[in-house]
Amino acid sequence: MEPPNLYPVKLYVYDLSKGLARRLSPIMLGKQLEGIWHTSIVVHKDEFFFGSGGISSCPPGGTLLGPPDSVVDVGSTEVTEEIFLEYLSSLGESLFRGEAYNLFEHNCNTFSNEVAQFLTGRKIPSYITDLPSEVLSTCSPVLPSPSLEPDQLYPGLSTTAEQRDHSMLAPAFVQNPGMCLSHCT
């Protein structure tokens, strides 16, 4: 009996703030954040990610974000490309439809974590998956709005759905006092 083929699984990690979170988070949120993470899974020679347009793919490093800031080796999988694409199709029709996207609760990192567990049985690093709860636990009235798109913040900027999901623009911060949790007051 032949040993099964093993396919490498990588997590591409991008800092959407391009370093601004590290510098500004202590002032704006009262706590240090190392980045605002966008992730994707690279397997079977493609990069897979989730945003408001649903599940998408491109060649590795082919998003508007360019090359990843770091690459995490998640492990290997025996799942063939054919089975994986069927799995993604079912996710795209159920849990990861574009309209299900939510910046804080159901985002690219949720997708990457789900797919990593399916392929390897391992979760992605907690510093990534814990970021939304870390941000929401601050008492700062300045938080990123989950509903703003780059073209709303910068009039005249024309963007496609993929560009909005993977904009190189640092996340916009808006005044939102309602986001402060009651224990902070």
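Preceding this paragraph is the structure being described.
Residues numbered from 1 in each chain as written. Predicted model: local features only at pLDDT ≥ 70, side-chain atom pairs only at ≥ 80, totals over all residues. Heavy atoms only, no water.

Overview of the side chain of Ser112
Consideration 1: Counting through the fold element by element, Ser112 comes out in helix H3 (residues 108–120).
Consideration 2: Judged by relative accessible area, Ser112 falls into the buried class, the value being 0%.
Consideration 3: Beyond its immediate sequence surroundings of up to four residues, Ser112 is in contact with Leu11, Thr39, Ser40, Ile41 and Ile124. (Helix = DSSP H or I, 4+ residues; strand = E, 2+ residues; numbered from the N terminus. Buried < 20%, exposed > 50% of the residue type's maximum accessible area, 1.4 Å probe, protein only. Contact = heavy atoms within 4.5 Å.)

Comments concerning unusual backbone geometry
Consideration 1: Of note in the backbone geometry, Lys18 takes a positive phi value of approximately 50 degrees without being a glycine.
Consideration 2: Topologically, Lys18 is positioned in the loop between strand S1 (7–15) and helix H1 (20–28).
Consideration 3: In this structure Lys18 comes out as partly exposed when scored by relative accessible area, which is 39%.
Consideration 4: You will see that His44, though not glycine, has its phi angle at about 55 degrees, which is positive.
Consideration 5: Tracing the chain through its elements places His44 in the loop between strand S2 (37–43) and strand S3 (46–51).
Consideration 6: Look at His44 and you get buried, because its relative accessible area is 13%.

Remember that the coordinates give geometry; whether it matters functionally is a separate question.
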